[in-house]
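# Breakdown of the fold
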Amino acid sequence: MPVLPGAEPYRHEGGEVGVLLCHGFTGSPQSLRPWAEHHAAHGLTVSLPLLPGHGTRWADMQLTTWHDWYAAVDRELRVLTERCSRVFVAGLSMGGALALRLAARHGERVAGAVVVNPANRVHGLSAYALPVARHLVRTTKGIASDIAKEGAAELGYDRVPLHAAHSLRLFLRRLDGELPQVTQPLLLLRSARDHVVPAADSARVLSRVSSVDVTEIVLEHSYHVATLDEDADRVFEESLAFIGRLAPGVAEEGTAAVG
């Protein structure tokens, strides 16, 4: 199936500092494209892949699992580490969870992580029914476009494939056990009002990681897809400042490149 217009992956060849951005469950690179372009404008090398089964139709996602999604970002990280001297990982929602697993498994090859409303578990009683329900019902209502900003919209599926949701649940359970292996500097941004991922998920992440350098920022004016919402500029600026603190010279190089 052809990729939906706007859901295409994004890549920018910049300087020696790289950033891998991971989009969310049933979403697409469109939700992170402004973030990617912001970092590219400041001289960073940026990779924003399209996860398998995403960006086309929900039936395609039904055939994929978390192993496919993680393999895609793992592959991109390896490409970036060959190209760049320092690499950061970042993501929204499930993309934040993928970024945290990359940090846990790749150690020093990841210089730091930025996560926005990271998912830690699939919530609700229905989550426990997924192993059986996925064989009886193919989909449930979608979760895309939880955005406060008027006129803004996320390009994502209007249905959630239950086979994929079950796989997501298995992934998040595995990741929870791996979070203590995350030792890198961590910037976590969470929305005060999020109708998809509760604040408890961010709290769980912060309580489980072993990172010493940790910053938590609450976004007061956004819902779940904060990267397209009222606080988007703050997400971009705070993440760039975080990267610049750990990789000095990033902002200066970007200013020169843009100017």
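Per an unreviewed UniProt entry, the protein goes by Alpha/beta fold hydrolase and derives from Streptomyces tricolor.

## Notes on the packing of helix α1 (residues 33-41) against helix α8 (residues 232-246)
In the contact formed by α1 and α8, the axes pass within 10 Å of each other and the chain directions differ by 45°. One way to sum up the angle between α1 and α8 is to call them oblique. Here α1 runs over α8; the crossing is right-handed. Contacts from P34, W35, H38 and H39 of α1 reach α8 at V235, F236, E237, S239, L240 and I243. Looking at the contact of α1 with α8 residue by residue, the class counts come to six nonpolar, three polar and one charged.

## A few points about the pattern of salt bridges
In this structure the tally under the stated criterion is 14 salt bridges. Between R83 and E16 there is a salt bridge, and its shortest N-O distance comes to 3.9 Å. On the criterion of sequence distance, the pair formed by R83 in helix α3 (residues 66-83) and E16 in the loop between β1 (10-12) and β2 (17-22) is long-range, its members being 67 residues apart. Of the charged contacts in the structure, one is a salt bridge between E216 and R190, with a shortest N-O distance of 2.7 Å. Highlighted residues: E216 in strand β9 (residues 214-219) and R190 in strand β8 (residues 186-191), separated in sequence by 26 residues. By relative accessible area, which is 40% here, E216 ends up partly exposed. Three or more residues are tied together by salt bridges with common partners; here these are R11, E13, E16, E76 and R83.

Definitions and cut-offs
- Residues numbered from 1 in each chain as written.
- Predicted model: local features only at pLDDT ≥ 70, side-chain atom pairs only at ≥ 80, totals over all residues.
- Heavy atoms only, no water.
- Axes fitted to C-alpha atoms, helices over the stretch in contact; angles between N-to-C directions.
- Helix = DSSP H or I, 4+ residues; strand = E, 2+ residues; numbered from the N terminus.
- Parallel < 35°, antiparallel > 145°, perpendicular 65-115°, else oblique.
- Left-handed = near helix turned anticlockwise from the far one by under 90°.
- Contact = heavy atoms within 4.5 Å.
- Nonpolar A, V, L, I, M, F, W, Y, C, P; charged D, E, K, R; others polar.
- Salt bridge = Lys/Arg side-chain N within 4 Å of Asp/Glu carboxyl O.
- Buried < 20%, exposed > 50% of the residue type's maximum accessible area, 1.4 Å probe, protein only.

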